[in-house]
Amino acid sequence: SQQGEEDPQALSIQEGENATMNCSYKTSINNLQWYRQNSGRGLVHLILIRSNEREKHSGRLRVTLDTSKKSSSLLITASRAADTASYFCAPQGSQGGKLIFGQGTELSVKP
Amino acid sequence: GAGVSQSPSNKVTEKGKDVELRCDPISGHTALYWYRQSLGQGLEFLIYFQGNSAPDKSGLPSDRFSAERTGGSVSTLTIQRTQQEDSAVYLCASSAQGARETQYFGPGTRLLVL
């Protein structure tokens, strides 16, 4: 399956520091999507990176993709307390359709 | 514009009762997905509708679960004879154009089966 597996499972940092979360998957993908979830409710889409892209930026977020290693990373720079949330990567296979989520990385940013 | 909406936001029911959960996707989105998330778990895919194609039901956990999408827009997820293990947050998502685009999620319906 193309399930994403995030690492680490939990990360605690101080405000202003950078946070890096990693994702590994097993099969070929069309794209990989990163989501944030607060308080166990709806997911907020952060970035979609396609299999032919290597890096993508959005504000304080930077996502990389290495298809040869079947891995992706999400970097949040200059973190804020409001970034405290669970972060999920969701690879999407070449057929598209369903996303297969891992358990996520729980990020805690302390003021 | 409006995002994905779901109703109800919370539902408490007794074991054995049927429940219906509703999802209104973003207008114009052709693909609609249902997922569920049990306490402390990741998201589990349930079912996926794409245009007029037959839905991908491969994630439905049992025949007590069914879903329909009327007129290519609103979708209803029905759980018959609910069990306590059905307690979870049920999330709906939609995407534009088809299967390889960003999925936008609704706020979810929190279902508690007593």
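The following paragraphs examine the structure supplied in this document.

Cut-offs and rules
Think of each chain on its own: its residues are numbered from 1, step by step along the sequence as written. Numbering of ligands from 1 and lettering of chains from A proceed in the order in which they are written. Totals for whole chains, interfaces and linings use every residue, but because this is a predicted model, local features are given only for residues with pLDDT of at least 70 and side-chain atom pairs only at 80 or more, for both listing and counting. Side-chain numbers here rest on the full set of heavy atoms in the structure, without hydrogens or water. Cysteine sulfur pairs qualify as disulfides if the two atoms are within 2.5 Å. We count a stretch as a helix when DSSP gives it H or I for four or more residues in a row; a strand needs E for two or more, and each element gets its number in order from the N terminus. Any residue under 20% of the maximum accessible area for its type is buried, any over 50% is exposed, and the rest in between are partly exposed; the area is computed with a 1.4 Å probe on protein chains only. By definition, residues are in contact when any of their heavy atoms lie within 4.5 Å. What counts as buried area is the accessible surface, traced by a 1.4 Å probe, that two parts surrender upon association, with contributions from both included. Salt bridges are defined as contacts in which a side-chain nitrogen from Lys or Arg sits within 4 Å of a carboxyl oxygen from Asp or Glu. Each aromatic pair joins two rings of Phe, Tyr and Trp (for Trp, the six-membered one) with centres within 6.5 Å, and gets the label stacked for planes under 30 degrees apart, edge-to-face for over 60, and tilted for any other angle. Identification of polar contacts relies on pairs of N or O atoms within 3.5 Å, with a donor-acceptor requirement for protein atoms, meaning one able to donate a hydrogen and the other able to accept it, and with residues adjacent in sequence counted only if both atoms are side-chain atoms. Between any two strands, pairing holds if DSSP finds at least two bridges.

Across all of its chains, the model carries 2 disulfides over all chains by this definition. Here Cys23(A) engages in a disulfide with Cys89(A); their sulfurs sit 2.0 Å apart. A torsion of 70° about the S-S bond marks the disulfide between Cys23(A) and Cys89(A) as right-handed. Here Cys89(A) lies in strand β9 (residues 85-93) and Cys23(A) lies in strand β3 (residues 19-24), a separation of 66 residues in the sequence. The class for Cys89(A) is buried, based on a relative accessible area of 0%. Two residues, Cys23(B) and Cys92(B), share a disulfide whose sulfurs are 1.8 Å apart. The S-S bond linking Cys23(B) to Cys92(B) shows a torsion near -65°; that makes this disulfide left-handed. Of the two residues, Cys23(B) is situated in strand β3 (residues 19-24) and Cys92(B) in strand β8 (residues 88-95); the sequence distance between them amounts to 69 residues. Per residue, the accessibility class of Cys23(B) equals that of Cys92(B), and both read buried.

With that out of the way, let us pick up the interface of chain B and chain A. The partner chain A presents 24 residues to the 25 residues of chain B that form the contact. Note on chain B versus chain A: buried area summed over both sides is about 1800 Å², and carbon and sulfur give 46% of it. On the chain B side of the interface with chain A, the three residues burying the most area are Leu43(B), Arg100(B) and Phe105(B), jointly 29% of the side's total. In this structure, the connection of chain B to chain A is made through 1 salt bridge.

So, on to the packing of aromatic side chains. What the rule picks out here adds up to 9 aromatic pairs over all chains. Measuring from ring centre to ring centre gives 5.7 Å for Tyr35(A) and Phe101(A), while their planes differ by 55°; the resulting arrangement is tilted. In this pair, Tyr35(A) is assigned in strand β4 (residues 29-37) and Phe101(A) in the loop between β9 and β10 (105-110), connecting sequence segments 66 residues apart. Of the two residues, Tyr35(A) and Phe101(A), both sit in the buried class. Aromatic side chains Tyr35(B) and Phe45(B) sit 5.9 Å apart centroid to centroid with 70° between the ring planes, which places their arrangement in the edge-to-face category. With a gap of 10 residues between them, Tyr35(B) in strand β4 (residues 31-37) and Phe45(B) in strand β5 (residues 43-50) connect regions that are remote in the sequence. For the pair Tyr35(B) and Phe45(B), one class covers both residues: buried. Clustering of aromatic rings is evident, with ring pairs tying together Tyr35(A), Phe88(A), Phe101(A), Tyr33(B), Tyr35(B), Phe45(B), Tyr48(B) and Phe105(B).

Moving on, we come to the side chain of Arg36(B). Residues and elements named next belong to chain B. The topology assignment puts Arg36 in strand β4. Classification of Arg36 by relative accessible area gives buried; the value is 10%. A distance of 3.3 Å separates polar atoms of two side chains, one belonging to Arg36 and the other to Tyr90. Not counting chain neighbours up to four residues away, the residues in contact with Arg36 comprise Gly42, Leu43, Glu44, Leu46, Pro61, Phe65, Glu85, Asp86, Ala88, Val89 and Tyr90.

This part takes up the pairing of strand β7 (residues 61-66) of chain A. All names here are of chain A. Strand direction decides the pairing type here: strand β6 (residues 55-58) and β7, joined by 4 bridges, are antiparallel. Note that in β7 the partner of His57 across the bridge is Arg62. Count of turn residues in the β6/β7 antiparallel hairpin: 2 residues, of which Gly59 carries a positive phi of about 60°. Inspection of the sheet shows β7 paired to strand β8 (residues 71-76) by 6 bridges, in the antiparallel sense.

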